Amino acid sequence: MKRGFFICLLSMFLCSLASLLQAAPLPVITSFSILGDVTRQIGGERVQVRSLIGYDQDAHMYQLVSKDLRDMRSARLILLNGLGLEPLSLQRAALQSRVPLATVTQGIQPLMMADDGHDHHQHADPHIWNDPVLMQTYARNVAGALIKVDPQGKAYYQQRLAAYQRQLAELNNWATKIFNAIPADKRKVLTGHDAFAYMAKRYSIQFIAPQGVSTEAEPSARQVAAIISQIRREHIKAIFIENIKNPKMVQRIASETQTKISGRLYSDALSNGAPAATYIDMFRFNVNVLAAAMK
């Protein structure tokens with residue numbers, strides 16, 4: 001009798017433990033805030049996401065700290081953007097953590113760009129998120145990585161992915177209409193660094209930047225002088241600072257060309273709350289302020 005009672009108790013305990021383990025959200029580490037948001041949108045209640053590079057922070061300038069190493073080792077999944085966005089120290093730490101690791105730009109053909117004006121090397125442009133069409137593949141890769149480590153959540157993740165991809169398709173249709181309403185010769189913008197090439201290609205906009213794909217690359221005096229001449233010659237009115245960058249260079253160019261700064265763009269990071277709390281919020285905000293400045 002006692003043996004049967006204990007077996008019953010043990011069975012109940014194991015069932016409770018299994019349901020508790022199932023209920024505990026999956027700890028996921030993402031490299032930066034935009035990827036963190038996409039992971040939350042698809043993972044929903046089944047994930048607990050922490051982004052190593054936080055709101056308004058520059059991924060190109062990130063430095064690894066001991067807490068990040070601890071968090072990576074205790075995670076069930078690490079997600080990186082790839083294409084050179086994350087510094088080598090973060091890439092190495094992710095590999096050494098022995099936690100399942102996925103690069104979410106897999107299968108996306110990147111744009112190749114010269115990183116700055118001092119060499120002729122071509123680098124992959126990591127700023128995929130500035131094209132919501134490519135973000136459908138990005139989101140699918142996030143869902144695939146979650147399903148691999150949490151196969152029980154497959155139907156849940158697939159349902160959320162399908163809903164999110166519909167939102168991304170609607171976002172692209174909306175942005176296409178907004179930009180198509182602006183004459184092609186007015187679609188010219190100055191930003192701090194070259195983060196918007198995917199948006200430029202998708203919507204036929206010309207972006208000019210004193211810095212290359214990485215914010216670490218300093219522009220030469222000749223490059224800055226050429227940009228100042230171009231702004232004067234082509235009467236470019238849309239000049240923006242970025243949330244992740246020191247605005248001094250853009251402010252200097254605006255001052256020398258006697259052009260008013262149009263506002264702030266969210267290039268490589270979300271904001272903590274409005275106006276760019278999620279990837280979709282960020283993209284909508286950027287499109288609206290760009291369109292207003294170019295008209």
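See the structure shown above.
Residues numbered from 1 in each chain as written. Predicted model: local features only at pLDDT ≥ 70, side-chain atom pairs only at ≥ 80, totals over all residues. Heavy atoms only, no water.

Strand pairing in a sheet relies on backbone hydrogen bonds, with the paired strands running either antiparallel or parallel. The strand order across the open sheet built from four strands is β2-β1-β3-β4, with neighbouring strands paired in parallel fashion. Across the chains shown, the open sheet's two edge strands, defined by having one partner strand only, are β2 (47-53) and β4 (101-103). The mean angle between the axes of side-by-side strands here comes to 20°, regardless of whether they run parallel or antiparallel. Here strand β3 (residues 77-80) pairs with β4 via three bridges, running parallel. The residue of β4 that forms the bridge with I78 is L101. Running over the sheet, helix α4 (residues 88-96) touches β1 (26-32), β2, β3 and β4 and is turned about 155° from β3. (Pairing = 2+ DSSP bridges. Helix = DSSP H or I, 4+ residues; strand = E, 2+ residues; numbered from the N terminus. Axes fitted to C-alpha atoms, helices over the stretch in contact; angles between N-to-C directions. Contact = heavy atoms within 4.5 Å.)

This part covers the sheet that holds strand β8 (residues 206-208). Across the sheet, which stays open at both edges, the four strands sit in the order β8-β7-β9-β10 with parallel pairing between neighbours. On the outer flanks of this sheet lie β8 and β10 (263-265), each paired with one strand and no other. Averaged over all pairs of adjacent strands, the angle between their axes in this sheet comes to 40°, without regard to strand direction. Of the strand pairs in this sheet, strand β9 (residues 238-242) and β10 are connected by three bridges, and their pairing is parallel. Along β10, the bridge assignment pairs E242 with L265. Of the strands in this sheet, β7 (188-190) and β9 are in contact with helix α9 (residues 248-256), which crosses β9 at around 160°.

Before going further, it helps to spend a moment on the nonpolar core. Within the largest apolar cluster, 72 residues are counted, with the highest numbers of intra-cluster contacts made by F179, M199 and Y279. Here this core gets ten residues from one element, more than from any other, and that element is helix α5 (residues 134-149). Contacts of M199, omitting those with residues within four sequence positions, involve N130, F179, S204, I205, F207, F283, V287 and L290. In terms of nonpolar packing, the next biggest core, distinct from the first, is built from twelve residues, L190, I208, I227 and A254 among them. (Core = buried A, V, L, I, M, F, W, Y, C linked by side-chain atoms within 4.5 Å. Buried < 20%, exposed > 50% of the residue type's maximum accessible area, 1.4 Å probe, protein only.)

Next up on the list: helix α6 (residues 154-180). Compared with the 39 Å implied by 1.5 Å per residue over 27 residues, the 39 Å span of α6 between its first and last C-alpha is a close match. Where α6 is concerned, the buried positions are Y157, L161, Y164, Q165, L168, L171, N172, A175 and F179. Along its buried surface, α6 packs onto β1, α2 (33-43), β2, α5, α7 (197-203) and α10 (279-294). (Expected span 1.5 Å × (residues − 1).)

Following the criterion strictly, the structure yields eight salt bridges and no others. Taking the shortest distance from any N to any O, the salt bridge between R233 and E234 comes out at 3.8 Å. E256 serves as the salt-bridge partner of R252, at 3.3 Å between the closest nitrogen and oxygen. Of this pair, R252 and E256 both sit in helix α9, four residues apart, which is roughly one turn of the helix. Several salt bridges share partner residues, and in doing so they unite R50, K67, D68 and D71 into one network. (Salt bridge = Lys/Arg side-chain N within 4 Å of Asp/Glu carboxyl O.)

To continue, consider the packing of aromatic side chains. In this structure the tally under the stated criterion is seven aromatic pairs. Centre to centre, the rings of F196 and F207 are 5.2 Å apart; their planes meet at 15°, and the pair counts as stacked. Of this pair, F196 sits in the loop between β7 and α7 while F207 sits in strand β8, placing them eleven residues apart in sequence. Residue F196 shares its accessibility class with F207, and that shared class is buried. Between Y266 and F285, the ring centres sit 5.5 Å apart and the planes meet at 75°, which makes this aromatic pair edge-to-face. In this pair, Y266 sits in the loop between β10 and α10 while F285 sits in helix α10, placing the two residues 19 residues apart along the sequence. (Phe/Tyr/Trp six-rings, centres within 6.5 Å; stacked < 30°, edge-to-face > 60°.)

Right, let's talk about the side chain of N130 for a bit. Tracing the backbone shows N130 in the loop between β6 (122-124) and α5. The exposure class of N130 is buried, given its relative accessible area of 0%. Among the polar contacts made by the side chain of N130, one reaches the main-chain carbonyl oxygen of A195 at a distance of 2.8 Å. (Polar contact = N/O pair within 3.5 Å; in protein donor to acceptor, adjacent residues only side chain to side chain.)

Attention now moves to the packing of α2 against α5. Look at α2 against α5: their axes get within 10 Å of each other, and the N-to-C directions meet at 65°. Handedness of the crossing formed by α2 with α5: right-handed. Note on element contacts: α5 touches α2 through M135, Y138, A139, V142, A143 and L146, opposite L35, V38, T39, I42 and G43. (Left-handed = near helix turned anticlockwise from the far one by under 90°.)

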